There are 2 protein chains.
Amino acid sequence: MTYTPPVAEQRFVLDHVVRIQELAAHPGFADATPDTVDAILEGAGAFAAGEYAPLNRIGDTVGARWRDGVVTMPEGYRAAYRAFVDSGWGSINGPVAFGGQGLPYALATVVMEDLGTANMGFSLINMLTPGAIEALVAHGSPEQQATWLPKLISGEWNGTMNLTEPQAGSDVGALRTSATPAGDGSWRIKGQKIYITFGEHDLTDNIVHLVLARTPGAPAGTKGISLFLVPKYRLNADGTPGAFNDVRCVSIEHKLGINASPTCTLSFGDNDDCHGWLIGAEMAGMRAMFTMMNNARLNVGLQGVQIAERATQQALGYARDRVQLGQPIIEHPDVRRMLVRMRALTQAARALVYYAAGQADRAHLGDDAARARLDLLTPLAKTWGTDIGCEVASLGVQIHGGMGFVEETGAAQHYRDIRIAPIYEGTNGIQAADLVNRKLPMAGGEVFASLVADIRAEAGDEAGLMALVDGIESVARWMLGNEASVEDRLAGSYPLTTMLSVATAGWLMARQARIAATEASDPGFAALKQVAARYFLDHVVPEAAGLEAAARGGAALFYQLDAETLAA
Amino acid sequence: MTYTPPVAEQRFVLDHVVRIQELAAHPGFADATPDTVDAILEGAGAFAAGEYAPLNRIGDTVGARWRDGVVTMPEGYRAAYRAFVDSGWGSINGPVAFGGQGLPYALATVVMEDLGTANMGFSLINMLTPGAIEALVAHGSPEQQATWLPKLISGEWNGTMNLTEPQAGSDVGALRTSATPAGDGSWRIKGQKIYITFGEHDLTDNIVHLVLARTPGAPAGTKGISLFLVPKYRLNADGTPGAFNDVRCVSIEHKLGINASPTCTLSFGDNDDCHGWLIGAEMAGMRAMFTMMNNARLNVGLQGVQIAERATQQALGYARDRVQLGQPIIEHPDVRRMLVRMRALTQAARALVYYAAGQADRAHLGDDAARARLDLLTPLAKTWGTDIGCEVASLGVQIHGGMGFVEETGAAQHYRDIRIAPIYEGTNGIQAADLVNRKLPMAGGEVFASLVADIRAEAGDEAGLMALVDGIESVARWMLGNEASVEDRLAGSYPLTTMLSVATAGWLMARQARIAATEASDPGFAALKQVAARYFLDHVVPEAAGLEAAARGGAALFYQLDAETLAA
């Protein structure tokens, strides 16, 4: 079972949520003409459905295999990855100076959606390389950029992010990997990193690890962390991969899903011969890490959209074919409810993530308000996008009935694959903490207030949505005031994240429904958009309003028991 | 990682939710003395933790294996099952006349909870045999009862339910398996059944299949269905297993979870030598099926409690050990939120399922009002119990962070195992339809009204709960009135099921908190109960109230699009 790229939907969201014509009007994105956008949408969708999707099942059943430090990908993956590089799908928004196409990130988002909808596990290699590119663009020296960026942008080499160590997960500051100056401008890296996505594999002839490490005498915690570029193979004078750089893949994880993505434990410098190069200033590693991770967070939110789209298409196909009680089950009311919900959540999450991507593009063009809004939206897109991905995949299993629990249908694979998304790149709990601790208070609450004002201005006639927004504002006032403690804010952070995500997505759905009613050329598309929006506003929005009590419930109840009593 | 049986909690719920002393006051259950209850709780918990729990992981990793029609269970399973039979844990509520202990079903529920918390996949053999026992007790002839019940009650033989065929899932009436009279009082069975839990295995020396089939000239649909007893081996004159009865296990499913439970495709009568015996009257198979399934539905709801308990214990253990940012993560507010939620949902679901079990016992004693309430509660316990099982298991994965996605911790196994529960024994959608189509209108709505009256009478001071009950009554009035069509009712059936489940569980939690405050001897237990109840009433209840718009939203929106447009 493959899938059909949702080209019309993607185009509509680009037009009316991203407002890509505004971006194209800027000289920095002048190449994003309507024809180019169409060509990318059609081309990326066809590529993903044709090359990546057919490999999804073997990626799950055979998966990446480790033996003696070597990771082998399943049959067909090398050829498909080669085709990815050759067709340039990794270079959409890379800087032109280094071989990129200089197009908006919102367009790269569409390409990534297609690849991940086709094959989430495989597409992780395409999703993490951009983080390495961003870090080098923002913090690398001109020489480093010239050396590494072209190959990363083309995809000939992939990039990885090396943050986590066994004792240092969400607590990045606890990491112990060390970097010692070698006297020649390079450093010697020593330590072990876990959960490194595509940290070892046989798809490319080099791998560019970006590694957080601690330099001699560095202070404890996050302040003492620096970022290093550590290739699998050091480069020859002509830039080709040369000597092995003492980076070993010790093992890969046996996981619940995304089996096509090797999750590696990497050991750096077992033989004291692992060379690294500092990216940016010493001790400035955390800032560089956030550069790497910010887009990655949006991209993980996008994974929720990917799996939701795939699960929805598969469930719709099954529900049309499967006859029970004299009719296809798509005609049964509760199955309809599930399918409409799947459609609505998927469209709404796509709108939220694409909208955030559009803000990233405006920020790139120097728009500080867009930068601030992007910062506010990032935890929402990551958390809510991944949460709905899990919910929609679960509904997909449910619609398949008993067949959904049998692995052969593939419905269960989506359910397994997506479960990582609320965890990695900062757990959703970390995202929610980021929202209430850092994002809500930005500019004295004005960044938040500006988003709410936009929602009110455009969707003021949606009574349910306005009631939700009232609730959000009430919670936000309480959290920003003196009454609520840090613990109180954190205790309500997750429900508030959901509420604000739903309100923002509801606003964008209301807008799309209004425009579709008058402007969409395809009446079926317009009707579906309006039903999805109506369901979202009339069903999902009131559910989110039901979270207000939890959002402002405070922490006292949670700490009424000591840990021992809670766990007794 | 094993688990600790929640004996004090189980006892408290038996005392104050089931009110087991009321049952013991009846001559029919006079043996259910406090000492016996304590002995069963302690004994079953110790047995499950000692014998079943250690086999949970091998059940998942090795699982049941099929080869040439033979199913082999993993190492250790035969001995553990033998110990189960020897210790009599299967006979708690079996009729005394056939070797049972004649104790309340509510006590059998506790035993089943322990077995399933220890090892959900394995415990399915213990969960389905009671359905066969119930069917024989209610519909079998005296001779059939004498022949089969003792071995089923002891557990020496297990029982299976054979309903589903490839074209007949929720649509049971579409089944094609045939039964032809053989002239000697027996019938010849021919056909194929799928999804037969423990339909073949090496734990017992016979298997008693209860099979729905169609007799010659039977009308189409559910009216033409009869129930047959079809053993794996026919019996010798002395009652021991004799000739092979032409029932073959063609294959077992490769599933998302419960790998210790062989899910079999059974072929009956390939060689025209499969003998069956009619249970009850010809064409009365549907009624007998509901006898089999009713308790099974409660037991599936109980599986939600089982996995929720296990996942919660495991997450609590991990959260106390795992240190991040200078303290165990159990001290982080959002982790606290998740853990308190897990506790609250687990306790609330346990209260709901046990309460329903207590109604089954009263019905058994001839209380018609209790029978009616049980009928109303069954779809709630099945649907909401399994839904919270999935949610709590997912929270368990989340608390483990990256480790939760790695199979070695076992958190992912719970998440996979429980996903079947919303599907089998009637999908949750089928349950929700049962609620609005059959249960809500019982006695002109009086059965529903009586439950609501009890909630109001005892928990009238809980404002949030009363608001939820107001919403439920408003939805019910609309559904029972002339305005709402069948499709409208079905469109709102799932949200209403959740609302009524939460209201009922909230009522029982409020009662327990009140009693715990004054009567519980262990202050830690009392404090935990009160926090769990408070969380449930202040956080979960308002969420459920947020479903009112969906419950009375009607079907029009879902049918605004034809299937083709929805799926385009």
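Residues numbered from 1 in each chain as written. Chains lettered and ligands numbered in written order. Predicted model: local features only at pLDDT ≥ 70, side-chain atom pairs only at ≥ 80, totals over all residues. Heavy atoms only, no water.

As named in an unreviewed UniProt entry, chain A is 3-methylmercaptopropionyl-CoA dehydrogenase, taken from Sphingomonas changnyeongensis. Check the Function (unreviewed entry) section of the UniProt entry for chain A; it says "Involved in the assimilation of dimethylsulphoniopropionate (DMSP), an important compound in the fixation of carbon in marine phytoplankton, by mediating the conversion of 3-(methylthio)propanoyl-CoA (MMPA-CoA) to 3-(methylthio)acryloyl-CoA (MTA-CoA)." (UniProt positions renumbered as here; feature names shortened; annotations may be inferred.)

Caption draft 1: Spatial organisation of the overall build of chain A. Within chain A, the regular secondary structure consists of 21 helices and 14 strands. Taking 2.2 N^0.38 as the reference for a compact globule, 568 residues should give roughly 24 Å; the C-alpha atoms of chain A span a radius of gyration of 23 Å, in line with that estimate. Principal-axis analysis of the C-alpha atoms gives chain A an extent of 70 × 60 × 55 Å. Sorting the 568 residues of chain A into buried and exposed places 65% on the buried side. Considering only contacts within chain A whose residues lie at least 6 apart along the sequence, 75% involve residues at least 24 apart. Surface exposure of chain A reaches about 18300 Å², of which carbon and sulfur atoms provide 52%. In chain A, the 44 positive side-chain charges and the 62 negative ones have mean positions that sit 2 Å from each other. (Helix = DSSP H or I, 4+ residues; strand = E, 2+ residues; numbered from the N terminus. Rg over C-alpha atoms; globule rule 2.2 N^0.38 Å. Buried < 20%, exposed > 50% of the residue type's maximum accessible area, 1.4 Å probe, protein only. Contact = heavy atoms within 4.5 Å. Areas by Shrake-Rupley, 256 points an atom, 1.4 Å probe, with all protein chains shown as cover. Lys, Arg positive; Asp, Glu negative; His and termini not counted. Charge placed at Lys NZ, Arg CZ, Asp CG, Glu CD.)

Caption draft 2: Layout of the interface of chain A and chain B. At the interface, 83 residues of chain A touch 82 residues of chain B. In total, about 7300 Å² of surface goes out of reach between chain A and chain B, with carbon and sulfur atoms giving 64% of it. Across the contact surface, chain A and chain B share 0 salt bridges. Between chain A and chain B we count 34 residue pairs in polar contact (both at pLDDT 80 or more) in total. The dominant element in the side of chain A that touches chain B, judged by the number of residues it contributes, is helix α19 (residues 523-545) of chain A, at 10 residues. Residues of the side of chain A that touches chain B, tallied by class, amount to 41 nonpolar, 21 polar and 21 charged. (Buried area = accessible area lost by both parts, 1.4 Å probe. Salt bridge = Lys/Arg side-chain N within 4 Å of Asp/Glu carboxyl O. Polar contact = N/O pair within 3.5 Å; in protein donor to acceptor, adjacent residues only side chain to side chain. Nonpolar A, V, L, I, M, F, W, Y, C, P; charged D, E, K, R; others polar.)

Caption draft 3: View of the packing of aromatic side chains. For the structure shown, the criterion picks out 25 aromatic pairs over all chains. Ring centres 5.3 Å apart and planes at 65° place the aromatic pair Trp187 of chain A and Phe228 of chain A in the edge-to-face group. A residue pair is termed long-range when its members are at least 10 positions apart, and Trp187 of chain A in strand β5 (residues 187-197) and Phe228 of chain A in strand β7 (residues 225-231) qualify at 41 residues. On the basis of an interplanar angle of 65° and a centroid distance of 6.0 Å, the ring pair of Tyr233 of chain A and Phe244 of chain A is categorised as edge-to-face. Taken together, the positions of Tyr233 of chain A in strand β8 (residues 233-235) and Phe244 of chain A in strand β9 (residues 241-244) put the pair 11 residues apart, joining distant regions of the chain. What makes Phe244 of chain A partly exposed here is its relative accessible area of 33%. An aromatic cluster is built from Phe47, Tyr52, Tyr77, Tyr81, Phe84 and Phe122 of chain A, whose rings are joined through pairwise contacts. The ring of Tyr415 of chain B is capped by Arg419 of chain A, whose NZ or CZ atom sits 5.7 Å from the centre of that ring. (Phe/Tyr/Trp six-rings, centres within 6.5 Å; stacked < 30°, edge-to-face > 60°. Lys NZ or Arg CZ within 6 Å of the ring centre and 35° of its normal.)

Caption draft 4: Region of the structure containing the pairing of β7 of chain A. All names here are of chain A. Counted residue by residue, β7 has 7 buried out of 7 residues, so it is predominantly covered. Burial along β7 is two-sided: the face carrying Ile225, Leu227, Leu229 and Pro231 and the face carrying Ser226, Phe228 and Val230 are both buried. Bridge analysis of strand β6 (residues 207-214) against β7 gives 7 bridges, and the strand direction is antiparallel. Directly across from Leu212, in β7, lies its bridge partner Leu227. Across 3 bridges, the pairing between β7 and strand β12 (residues 275-279) is antiparallel. In the strand pairing of β12, Leu227 is matched with Ile279. (Pairing = 2+ DSSP bridges.)

Caption draft 5: How the structure looks around the relation of the copies chain A and chain B. With an axial shift of 0.0 Å and an RMSD of 0.0 Å, the rotation relating chain A to chain B amounts to 180°. Overall, the copies show the geometry of a two-fold rotation axis. Closest approach to the rotation axis within chain A is made by the C-alpha atom of Gly546 of chain A, at a distance of 2.3 Å. The share of interface residues of chain A whose copies in chain B are also at the interface is 99%, consistent with both copies meeting through the same surface. (Least-squares fit on C-alpha atoms with pLDDT ≥ 70 in both.)

Caption draft 6: Examining the domain arrangement of chain A more closely. Residues and elements named next belong to chain A. Per the domain assignment, the segments of chain A are domain 1 (7-154), domain 2 (158-283) and domain 3 (427-558). Computed from C-alpha atoms alone, the centre-to-centre distance between domain 1 and domain 2 is 23 Å. The partner domain 2 presents 30 residues to the 31 residues of domain 1 that form the contact. The largest per-residue losses of area from domain 1 upon contact with domain 2 belong to Val71, Leu128 and Trp148, which jointly make up 23% of the total buried on that side. In this structure, the connection of domain 1 to domain 2 is made through 0 salt bridges. On the surface where domain 1 and domain 2 come into contact, there are 10 residue pairs in polar contact (both at pLDDT 80 or more). Going through the elements one at a time, α4 (56-61), β1 (65-67), β2 (70-72), α5 (77-87), α7 (120-139) and α8 (142-154) are the ones with two or more residues in the side of domain 1 that touches domain 2. (Domains from an automatic or database assignment.)

Caption draft 7: Structural context of the state of the cysteines. Residue and element names in this part refer to chain B. Following the criterion strictly, the structure yields 0 disulfides over all chains and no others. Considering cysteine sulfurs only, Cys249 is the nearest to Cys274, which forms no disulfide, with 14 Å between them. Overall, Cys274 belongs to the buried group, its relative accessible area being 1%. (Disulfide = S-S within 2.5 Å.)

Caption draft 8: Geometry of the packing of helix α3 (residues 34-52) of chain A against α5 of chain A. Residues and elements named next belong to chain A. At their nearest, the axes of α3 and α5 sit 10 Å apart, and the two run at 165° to each other. Overall, the two elements α3 and α5 adopt an arrangement that is roughly antiparallel. As for how α3 packs across α5, the hand of that crossing is right-handed. Along its contact with α3, which presents Phe47, Glu51 and Tyr52, the element α5 presents Ala80, Tyr81, Ala83, Phe84 and Ser87. Among the residues forming the contact of α3 with α5, the class breakdown is 6 nonpolar, 1 polar and 1 charged. (Axes fitted to C-alpha atoms, helices over the stretch in contact; angles between N-to-C directions. Parallel < 35°, antiparallel > 145°, perpendicular 65-115°, else oblique. Left-handed = near helix turned anticlockwise from the far one by under 90°.)

Caption draft 9: Seen up close, the pattern of salt bridges. All names here are of chain A. If you walk through the whole model with that rule in mind, you get 58 salt bridges over all chains. Of the charged contacts, one joins Arg534 and Asp538 as a salt bridge, the two residues approaching to 3.0 Å between their closest N and O atoms. With Arg534 and Asp538 both in helix α19 and 4 residues apart, this pair spans about one turn of that helix. In this structure Arg534 comes out as partly exposed when scored by relative accessible area, which is 29%. Connected through salt bridges with shared partners, the residues Glu9, Glu113, Glu309, Arg350 and Lys529 form a single ionic network.

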